[in-house]
Amino acid sequence: RRVRVEDKMQKTRTPPQSNKTPTPAPKSSTTSTYVVSIIALVVALAIALVISKYNSSPASTPSTPSSESTPSPTPESTPSTPSSESTPSTAPTPASTDTSSTVPPTTKTTKKGDASSTSSESPSERLFTVEELSQYDRGNVLMLAILGEVFDVSKGHQHYGPGKGYHFFTGKDGTRAFVTGEFNKEGLIPDVVGLTPSQMLGIEDWALFYRKDYVPVGKLIGHYYDEQGNPTPALLAAREEIQKGKEMKNVEDNLQKIFPGCNSKWSSSEGKTLWCSEKSGGVERSWVGVIRLYTTSKDQKRCVCVNPESDLIHDPHLSLYDGCGPYSSECYFPPE
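Quick notes on the rules
- Residues numbered from 1 in each chain as written.
- Predicted model: local features only at pLDDT ≥ 70, side-chain atom pairs only at ≥ 80, totals over all residues.
- Heavy atoms only, no water.
- Helix = DSSP H or I, 4+ residues; strand = E, 2+ residues; numbered from the N terminus.
- Buried < 20%, exposed > 50% of the residue type's maximum accessible area, 1.4 Å probe, protein only.
- Contact = heavy atoms within 4.5 Å.
- Areas by Shrake-Rupley, 256 points an atom, 1.4 Å probe, with all protein chains shown as cover.
- Disulfide = S-S within 2.5 Å.
- Phe/Tyr/Trp six-rings, centres within 6.5 Å; stacked < 30°, edge-to-face > 60°.
- Lys NZ or Arg CZ within 6 Å of the ring centre and 35° of its normal.
- Patch = residues over 30% accessible without salt bridge, like charges linked within 9 Å, V, L, I, M, F, W, Y side chains within 5 Å.
- Salt bridge = Lys/Arg side-chain N within 4 Å of Asp/Glu carboxyl O.
- Pairing = 2+ DSSP bridges.
- Axes fitted to C-alpha atoms, helices over the stretch in contact; angles between N-to-C directions.

**Student:** Before we go on, may I ask you to explain the overall build of the protein chain in this structure?
**Tutor:** If you tally the helices and strands in the protein chain, you get seven helices and 12 strands. Counting over 336 residues, the protein chain shows a buried share of 28%. Counted over contacts in the protein chain with a minimum sequence separation of 6, partners at least 24 positions apart contribute 55%. Element-wise, carbon and sulfur atoms account for 55% of the exposed surface of the protein chain, whose accessible area totals about 22,900 Å².

Below you can see the structure in the form of structure tokens.
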């Protein structure tokens, strides 16, 4: 019995057999090792990428390129400035400006004998030929001349463009037509011979208008300027007539102040009425005046108001107005 008990105890103490399947390692340990491996791989790739970029980037201090490495523009790539002697095949596009477009400066070569000289012209000194100016009556750029001075009127395309009211002035010098109203081939000419000083003053007013509202771009070779841009005898004569017109206007303005014009109204049913007031003739004053007829040295007549208390009432150019009394401030003429 004692032996059996010991045998049982011996069996209980015997370790497990060698063919017993070992217990596998915990899964958490294997997962941790896998994650660590992936992280290490990602870090290695990131480092390799940074090193690659660093090696491919230029040095921190860029070197200045040498003059040989900088290509110079070729003549074909540089737009040429049209010269005043050449006729453009197409009208140049006007500058977007405040102002308005201008003609680029040109380089003109003139010859004297065998010598030649080259001078750079500013836009206002450019010399146009008649043929060249004729190209600017269409397209985006429109030009006209008055008294030989050329203006760019492109910004007034609604007035000077093809089919518009003033298009007949473009591409030419039609000085005479500005005061005669002859808008045909015979009237649209530069010659102003035979016009009165008063008409010449009207042309001067048009020239001042263009200088104020548009861009002067040069001079037209021909009637008013020679090939060097100097005034011709025709321009000097025109300027003399303009000066006469100014002097005459000053006289008329003074006469208008001394002898203000009458107010007037007329209708076929009511007839004509003339009257003086303290503002008649556009001249404000403290007296009304009486009606008189003023006759100029050129036999031009007009109705005026005269202060009867002044010595001017005896001016030899004054006479009684037919149908008005000597002291009348208002006269009525019934319909015929």
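From this point, the narrative continues.
**Student:** Can you walk me through the state of the cysteines in this structure?
**Tutor:** One way to say it: the disulfide is the covalent bond shared by the sulfur atoms of two cysteines. Tallying each qualifying case throughout the model produces three disulfides. Here Cys276 engages in a disulfide with Cys305; their sulfurs sit 2.1 Å apart. Of note, the bridge from Cys276 to Cys305 carries an S-S torsion of about -100° and is left-handed in sense. You can see Cys276 sitting in the loop between strand S8 (271–275) and strand S9 (290–295) and its partner Cys305 sitting in strand S10 (residues 301–306), a full 29 residues away along the chain. One disulfide bridge connects Cys324 with Cys331, the sulfur atoms lying 1.9 Å from each other. Residue class for Cys324 comes out buried when judged on its relative accessible area of 10%. Given the relative accessible area of 3%, Cys331 is considered buried.

**Student:** Whenever I open this one, the packing of aromatic side chains confuses me. Can you help?
**Tutor:** Any aromatic ring pair is given by two values, namely how distant the centres are and how the planes are angled relative to each other. Scanning the entire structure with this criterion turns up 20 aromatic pairs. Where Tyr166 meets Phe168, the ring centres are 6.4 Å apart and the plane angle is 45°; that geometry is what we call tilted. By relative accessible area, which is 23% here, Phe168 ends up partly exposed. A network of ring pairs unites the aromatic residues Phe151, Tyr160, Tyr166, Phe168, Phe169, Phe178, Phe183, Trp206, Phe209, Tyr210 and Tyr214 as a single cluster. Taking the ring centre of Phe333 as reference, the NZ or CZ of Lys272 above it sits at 5.0 Å.

**Student:** I'm lost on a nonpolar patch on the surface in this one. Help?
**Tutor:** Residues Ile39, Val43 and Ile47 make up a contiguous nonpolar surface patch of about 270 Å² in total accessible area. On the secondary structure map, Val43 appears in helix H2 (residues 27–56). In this structure Val43 comes out as partly exposed when scored by relative accessible area, which is 44%.

**Student:** Teacher, can you tell me more about the sheet that holds strand S12 (residues 330–333) here?
**Tutor:** Two pairing modes exist for strands in a sheet, parallel and antiparallel, and in both the strands are linked by backbone hydrogen bonds. Pairing within the open sheet is antiparallel, and its three strands lie in the order S7-S8-S12. At either end of the open sheet lies a strand with only one pairing partner, and these are strand S7 (263–267) and S12. Pairwise comparison of adjacent strand axes, ignoring direction, gives a mean angle of 10° for this sheet. In this sheet, S8 lies alongside S7 in antiparallel orientation, the contact comprising five bridges. Residue pairing for S8: Trp266 is matched across the bridge by Lys272.

Keep in mind that these numbers describe shape and distance, not what the molecule does.
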